[in-house]
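# Structural overview
Spelled out from the first residue to the last, the chains are:
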Amino acid sequence: MTVQDTSTAPDAALGLAGIPHTGEAVTADGHLTEPQAGDFHHARSAPPDPRWYKSAVFYEVLVRAFNDSDGNGTGDLRGLADKLDYLQWLGIDCLWLPPFYASPLRDGGYDISDFRAVLPEFGTVDDFGYLLDQAHKRGIRVITDLVLNHTSDAHPWFQESRQHPDGPYGDYYVWSDTDDRYADARIIFVDTETSNWTYDPVRGQFYWHRFFSHQPDLNYENPDVQEAMLDVLRFWLDIGIDGFRLDAVPYLFEEEGTNCENLPRTHEFLKRCRKVVDDEYPGRVLLAEANQWPADVVEYFGDAGIGGDECHMAFHFPLMPRIFMAVRRESRFPISEILAQTPSIPAGAQWGIFLRNHDELTLEMVTDEERDYMYAEYAKDPRMKANIGIRRRLAPLLDNDRNQQELFTALLLSLPGSPVLYYGDEIGMGDNIWLGDRDAVRTPMQWSPDRNAGFSRCDPGRLYLPTIADPVYGFQAVNVESQMNNTSSLLHWTRRMLQVRTEHPAFGLGDFVELGSSNPSVLAYLRTHGDDVVICVNNLSRFPQPVELHLSEHDGCVPVELTGGVRFPAIGELPYLLTLPGHGFYWFQITRPTTGEGESQ
Amino acid sequence: MNPGQSANPHAEWPSALDELAVADLRAWLPAQRWFAAKGQAITDVRVTRSSTVFDGDPGLRHLLVTADDEVYQVLVGVRDELTEHLAHSAIGGRNYDATQDHELMSRLLDLFAEGATTGGLAWRAEPGIRLTTGLRARPIGVEQSNSSVVYGDRYILKLYRRPTPGPNRDVDLHRALARAGSAQVAEPVATVALDDTVLGFAQRFLGGAAEGWATATASVRDLLAEEDLHAREVGGDYAGEAARLGAAVAQVHADLAAVLGTEEVGADAVAVEIDQMHGRLDAVLADVPELREHEERLRAAFDAARGLPGMTVQQIHGDLHLGQVLRTTSGWVLIDFEGEPAAPPEDRVRPKSALRDVAGMLRSFDYAALHLLAGEEPDHQRLTRAAEWADRNRAAFCEGYAGVAGDPRAEGALLRAFELDKAVYEVAYEHRNRPDWVAIPLAAIRRVTGGG
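Just so it is clear, the model here is predicted, and its values are computed rather than measured.

Thresholds, definitions, all that
- Residues numbered from 1 in each chain as written.
- Chains lettered and ligands numbered in written order.
- Predicted model: local features only at pLDDT ≥ 70, side-chain atom pairs only at ≥ 80, totals over all residues.
- Heavy atoms only, no water.
- Domains from an automatic or database assignment.
- Buried area = accessible area lost by both parts, 1.4 Å probe.
- Salt bridge = Lys/Arg side-chain N within 4 Å of Asp/Glu carboxyl O.
- Polar contact = N/O pair within 3.5 Å; in protein donor to acceptor, adjacent residues only side chain to side chain.
- Helix = DSSP H or I, 4+ residues; strand = E, 2+ residues; numbered from the N terminus.
- Nonpolar A, V, L, I, M, F, W, Y, C, P; charged D, E, K, R; others polar.
- Contact = heavy atoms within 4.5 Å.
- Buried < 20%, exposed > 50% of the residue type's maximum accessible area, 1.4 Å probe, protein only.
- Axes fitted to C-alpha atoms, helices over the stretch in contact; angles between N-to-C directions.
- Parallel < 35°, antiparallel > 145°, perpendicular 65-115°, else oblique.
- Left-handed = near helix turned anticlockwise from the far one by under 90°.
- Expected span 1.5 Å × (residues − 1).

Residues and elements named next belong to chain B. If you check the domain split of chain B, you get domain 1 (15–205) and domain 2 (210–449). The junction of domain 1 with domain 2 conceals about 1,400 Å² of combined surface from both sides, 61% of it contributed by carbon and sulfur atoms. Linking domain 1 with domain 2 are two salt bridges. Across the pair Glu338 and Lys158 runs a salt bridge whose closest N-O atoms are separated by 3.4 Å. At the surface where domain 1 touches domain 2, the tally comes to ten residue pairs in polar contact (both at pLDDT 80 or more). Those elements that provide at least two residues to the side of domain 1 that touches domain 2 are strand S10 (155–160) and helix H6 (169–179). For the side of domain 1 that touches domain 2, the element with the highest residue contribution is H6, accounting for six residues. For the side of domain 1 that touches domain 2, a count of residues per class yields eight nonpolar, four polar and three charged.

Pasting the structure below:
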């Protein structure tokens, strides 16, 4: 090891002494040594299926919040691995883990200080390998977030860059003598940042950052940065990870006179990432996080002519707030409108859709009028608001109304896209709006009525966040154990719905056609994949509603309700009349009558 | 109700379509929703024109039938054997209402696509339109004055049940608006005509649409289920939609003005308008005694508009209410530009003040607010909430309108006169048809005229 002044050692800010990490040593030519995938165990592979992500059900779980294996009050990778049986029982196909890398945690772990090390409180790279291995054994895949755009300022690359402008890392970040370049780029975190440039007294220059000032942007103009980031992908893919959610992808490149978003060269780099996946790791996925309108987001799927050559998946952001609006307004139009505006996507691409996640319920993709409406309806207490959004969980957003929770989940599972569930919503967990920032929705998973909700054996005061303890949503009332023992619980209901979804490829792979009706409170649509034809009918109103559907194309077919298998009257020439209870929904498979069945009665 | 149903088709009506008996039509016509003099016996029925559209089985015959001086269009299907479904549409024997036969209706699309002429009927696609054929046809339900058929999810064909020779306002205004690139109408795609009489008009079908009435009443339902919340506080608040609807109506008015022009008419024209309002009031007063207590204030309100030096007139929708607007996934669309159904054709084509349409829509918001309360014991709380809803959405509609064209409230006296004129018409209509509902227009008259 090269002897250095410890205060200026590039890994000084990492806090990873004794653990393999970036910058443990510096080579003679100034390069940092980095951990290699070969140093760690590799997980067994998941079952091969190149299009698995198109019909998978994703489950977002925070490592910190799920299960604590070592009793220190914080969830960890081994703890999560211990709960894989539960996730397999529930019917989850893929876990999405927000970042678990080494980080000073000034931005929830999205401020990564070493791409090749795990945050010690979560475990080690080998613990992650173990989690992957155990997940794959159960047919469950795992993806995680990767921030391509920037690093933490504690990353050894940045420490080297600021101290040695002429060294190998001198151009890893976007440095400038002035703070007036790229003036057309908006400031994203207007609450905390006043400029996209911050002066670094060590180097005596300004550095560029689209997000927080402690998150300098990587300089993608530099081919070494591109190669280094591709090697980060390879590091985790070698260990066995099934893909990445690429965070903040629109911002990789900068160009004077533009808003520095969605630039062509950014797409070029994503194509390079995709090529690495396709050539070296087929079957793994890239999921773009671009909080933009679907018409803009489709760019991140790449060339439709060849089925897409950038990201396999992208989140559909504006759909989610509109589901809430539609149900509260008892009108299908907020949903119909956004789906009508959603362009078609390449054959190999898929949307990711969600009701809630670890962030606030974002209201960036709605008009001012709609935002005011959402605040008035769903954030009656000012503490429920965060940034441009609402920080609450699904159950409390819906006043703990079981019918609405089921309707929302049924919509999530049947609208076009792969659904992403948020941990705890399957049991109807609550939130704690008195916790800071977005921690309201990041409290410990509620496993049982025991101490700390069965999440940890530690002293309750040591928990990373207190468990939910209110009389309605508290862990004594809402927990996995009691709902496992009650077959009419939300948990069992959710599991059953996931099973039904798995049985019908139309949900994941099918076309989507909305079926209009004269009743604006009913949203009905057809999902079709080959012979698998599913009709979904949703009553967005709290009152019972009739609806007449025009199904004469399917004259003579019999709708079979999917959860119970009940055969409904055959479809005829006349409009098909259904009545739905308040917030009720139906899923039907349309079956051709086989010989001897279905004649007129 | 339908005499054809009871007869054994093969016994009395052996073969030819031409044997369709006038007696059967005489019995069948008055039971149709689109028949003008409902409930009255017909004295004189004649088939004034008959032509074959399709030979064979099933066959299609096109008739113009004159019943007591009104001309009706009847499409007659003929089949050796009527299916159970078509038996409900039997006219007599093997003859039935062909608009209910998806097989025959589906073939009409081919005629449009080919530009065929059958027995003098000219089936024509609009210039530049290439129709997709082979689409399944389905008749759509309840309609007041016409019969419509939807093709796949693509087109809708409206068959005018009482076609009139000469320019067809519905077709002409749709064409004018489509030429202007209007996003607020459904694109015309085809017509069928006999000489200068338009018999049918096909347009792009707006698949995911719902009627304005249904969307507005869903909001009212939500409000009345709460009771302790104000109209602006409930989740089903409609003001945003009402404002967008106002903007859409204003855009249609602006497009019609741009394409077909406007005209400034003087004080004498205003006076004629006011005189007609008084005349209509006279007629209703004679029938509906409840209206008498309002007569003085109504006449005063009409006369308040008399002092205007003039007004701007143009082509308008003419019969605008929440049932004539569709909420689609891309915004509001106006349908049915035939004009006021009760007015004679020459009056329908006359340019009018756009405020008439605005007044029609304002009245419709009032109806939507109160329809759930019709026939109920008056409940002050519910009435207050409903009135709040009406006020809020009427105001939002005007705001939306004002954002595109002029603020209709700037001409308060005239707008008020139009609205009251409409309400007087409603009093007469409800008095005849739905006595429980007469309270809705009466309450409006009381409120607008400031009567106790």
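Another aspect to go through is the domain arrangement of chain A. Residue and element names in this part refer to chain A. In terms of domains, chain A is made up of domain 1 (52–150 + 222–502) and domain 2 (511–591). The gap between the C-alpha centroids of domain 1 and domain 2 is 30 Å. Across the boundary between the two partners, domain 1 contributes 24 residues, which contact 25 residues of domain 2. Both faces combined, the contact of domain 1 with domain 2 buries some 2,000 Å², and carbon together with sulfur accounts for 61% of it. It is Glu330, Arg332 and Leu407 in domain 1 that bury the most area against domain 2; as a group they hold 35% of the surface buried on that side. Run the count over domain 1 and domain 2 and you get two salt bridges. For the salt bridge of Glu330 with Arg542, the shortest nitrogen-to-oxygen distance reads 3.2 Å. Counting across the domain 1 and domain 2 interface gives 13 residue pairs in polar contact (both at pLDDT 80 or more). Put simply, the parts of the chain that give the side of domain 1 that touches domain 2 at least two residues each are helix H9 (319–329), helix H10 (333–340), helix H13 (402–414) and helix H15 (490–503). If you tally residues by element for the side of domain 1 that touches domain 2, the top one is H13, at eight residues. Looking at the side of domain 1 that touches domain 2, its residues break down into 14 nonpolar, five polar and five charged.

Attention now goes to H9 of chain A. Residue and element names in this part refer to chain A. Counting buried residues in H9 gives eleven out of eleven residues, a clear majority hidden from the surface. Within the sequence span of H9, burial applies to Leu319, Met320, Pro321, Arg322, Ile323, Phe324, Met325, Ala326, Val327, Arg328 and Arg329. Just downstream of H9, Glu330 is the residue with a positive phi angle, here 55°.

On to the interface of chain A and chain B. Contact residues are listed per partner, giving 27 residues for chain A and 26 residues for chain B. The junction of chain A with chain B conceals about 2,100 Å² of combined surface from both sides, 47% of it contributed by carbon and sulfur atoms. Ranking the residues of chain A by area buried against chain B places Phe333, Arg542 and Glu573 of chain A at the top, with a combined share of 25%. Linking chain A to chain B there are seven salt bridges. Two residues, Arg327 of chain B and Glu337 of chain A, come together in a salt bridge whose shortest N-O distance is 2.6 Å. Counting residues per element, the side of chain A that touches chain B draws most heavily on H10 of chain A, which supplies four residues.

Moving on: the packing of helix H8 (residues 239–260) of chain B against helix H13 (residues 380–402) of chain B. All names here are of chain B. The geometry of H8 relative to H13 is characterised by a closest axis approach of 6 Å and an angle of 40° between their N-to-C directions. Viewed along their axes, H8 and H13 adopt a mutual orientation that is oblique. You can see that H8 and H13 cross each other, and the crossing is right-handed. Each of Ala239, Ala242, Ala243, Leu245, Gly246, Ala247, Val249, Ala250 and His253 in H8 lies in contact with H13, whose residues at this interface are Arg392, Asn393, Ala396, Phe397, Gly400 and Tyr401. Among the residues forming the contact of H8 with H13, the class breakdown is ten nonpolar, four polar and one charged.

Moving on to H13 of chain B. At 3.6 residues per turn, the α-helix brings residues three or four places apart onto the same side. All names here are of chain B. Compared with the 33 Å implied by 1.5 Å per residue over 23 residues, the 32 Å span of H13 between its first and last C-alpha is a close match. Those residues of H13 that fall on the buried side of the exposure criterion are Arg382, Arg385, Ala386, Trp389, Ala390, Asn393, Arg394, Ala396, Phe397, Cys398, Gly400 and Tyr401. Here H13 starts with a cap whose side-chain oxygen sits 2.9 Å from the backbone nitrogen of Gln381, and that cap is Asp379.

This model, assessed by the stated rule, comprises 67 salt bridges over all chains. Here Arg234 of chain A ties to Asp231 of chain A by a salt bridge, and the two come within 2.9 Å at their closest N and O atoms. Of the two residues, Arg234 of chain A and Asp231 of chain A are both situated in helix H6 (residues 223–239); the distance of three residues between them amounts to about one turn of the helix. Looking at Asp231 of chain A, the relative accessible area reads 34%, which means it is partly exposed. Connected through salt bridges with shared partners, the residues Arg322, Glu337 and Glu370 of chain A together with Glu241, Arg244 and Arg327 of chain B form a single ionic network.

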